[in-house]
Amino acid sequence: MRIVMLLGWLLVPVLAGAYHYGPGQQRLVEDEAAAILREADALAAQEDWAAAAERYDDALKVVPEERVGEARAVRLERAKARLNAGRMPEAYADLQALVDETAGDESVDPKLRDDAQATLANCRYYLTWLMRLEGRPREEWEPEIEAARQTFRLLAEQHDSSAGADARRRQEDLESTIRLARMDLSELQALSLPSQCQGCCSGDCKGSGSGKGKRPGKGRGKGERTGDEFARGASSGPPPDGRGS
């Protein structure tokens, strides 16, 4: 009996070491990622978008490679933060890659897929706004706003009119794209530039070199709507409301 007890005590440090260098290390990584994500979420809630984007980027560096779903969700939140921080070129590229990547993957949470598509459509919406202010011809900006319109239409059709906030938001986004496409340039120039467009230009956003430089909208007149108010829910992009699977 004593021999058995002695052997048991001798095995304790061996088992502890095996856990520490095996599952224990995995747990430490997961805890670190969770802590960083909590910080990023808190920064996003405070609308400190630049700092939030950096923390989401930090989280991606420690999320285990096999946690594909979680990594995709963090990438989406980072793209939203970048868009709201005025880093549209990076957000556009990230979202396009994420949408393409999840399009044919049946294992993806449908909510995450829809959220990524909607956020990319928002990005296209603001890109169209900038291209129009820069005086780009219709054949250049129309494909962007049309792609956004089609995305919002499909998403709106997926939600019953009684589905609440999601259905209303998608419908409002759809209406915003239609207004932007139909609006006269002089009317558009009278609106203040949406916050997501500030510090960006369409050439950079499309990765085709430097743009011509945006022409800012005029200041807000009495009774006029700002660019953010005109854009409605598209003005801020879909809120960071969960990370899917």
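We now turn to the structure provided with this report. (Residues numbered from 1 in each chain as written. Predicted model: local features only at pLDDT ≥ 70, side-chain atom pairs only at ≥ 80, totals over all residues. Heavy atoms only, no water.)

**Some details on the packing of aromatic side chains**
Two aromatic rings are characterised by how far apart their centres lie and by the angle between their planes. Just so we agree on the cut-off: Pairing of aromatic rings covers Phe, Tyr and the six-membered ring of Trp, with a centre-to-centre limit of 6.5 Å; geometry is then stacked below 30 degrees between planes, edge-to-face above 60, and tilted otherwise. Each residue gets one of three labels from its accessible area relative to the maximum for its type: buried under 20%, exposed over 50%, partly exposed in between, using a 1.4 Å probe on protein chains only. By the criterion adopted, a ring carries a charge over it if an Arg CZ or a Lys NZ lies within 6 Å of its centre and within 35 degrees of its normal.
A complete count under the given rule lists 2 aromatic pairs for this structure. Each ring, one from Tyr125 and one from Tyr126, has its centre 5.2 Å from the other, and the planes form 90 degrees; the classification is edge-to-face. Taking the relative accessible area as the measure of exposure, Tyr125 reaches 0% and is therefore buried. Taken together, the aromatic side chains of Tyr125, Tyr126 and Trp129 make up a single cluster linked through ring pairs. The ring of Trp141 carries the charged tip of Arg132 above its face, separated from the ring centre by 4.8 Å.

**Remarks on unusual backbone geometry**
Glycine aside, a negative phi is what most residues show, and trans is what most peptide bonds show. Our working rule: A helix here means a DSSP run of H or I that spans at least four residues, while a strand means a run of E at least two residues long, and both kinds are numbered starting from the N terminus.
Even without a glycine there, the phi angle at Glu47 is positive, about 60 degrees. Inspection of the secondary structure puts Glu47 in the loop between helix 2 (23-45) and helix 3 (49-62).

**Points about helix 5 (residues 88-103)**
Spelled out, the test is: Expected helix span is computed as 1.5 Å times (number of residues minus one).
Helix length check: helix 5 (16 residues) gives 22 Å between terminal C-alpha atoms against 22 Å at 1.5 Å per residue, within 8%. Looking only at helix 5, the buried set comprises Met88, Ala91, Tyr92, Asp94, Leu95, Leu98, Val99 and Thr102.

**A look at helix 3**
Under the 1.5 Å per step criterion, the end-to-end length of helix 3 is 20 Å for 14 residues, consistent within 8% with the ideal 20 Å. When helix 3 is considered as a whole, its buried residues turn out to be Trp49, Ala52, Ala53, Tyr56, Ala59 and Val62.

**Some points on the pattern of salt bridges**
Where we set the bar: Note on definitions: salt bridges are taken to be side-chain nitrogens of Lys or Arg within 4 Å of carboxyl oxygens of Asp or Glu.
Overall, the coordinates contain 20 salt bridges when judged by the stated rule. Put simply, Asp94 and Arg82 hold a salt bridge, and the shortest N to O gap is 2.5 Å. You can see Asp94 sitting in helix 5 and its partner Arg82 sitting in helix 4 (residues 68-84), a full 12 residues away along the chain. A relative accessible area of 10% means that Arg82 is categorised as buried. Residues Arg87 and Glu90 are paired through a salt bridge, measuring 2.8 Å at the closest nitrogen-oxygen approach. A residue is classified by how much of its surface remains accessible, and Glu90, at 31% relative accessible area, is partly exposed.

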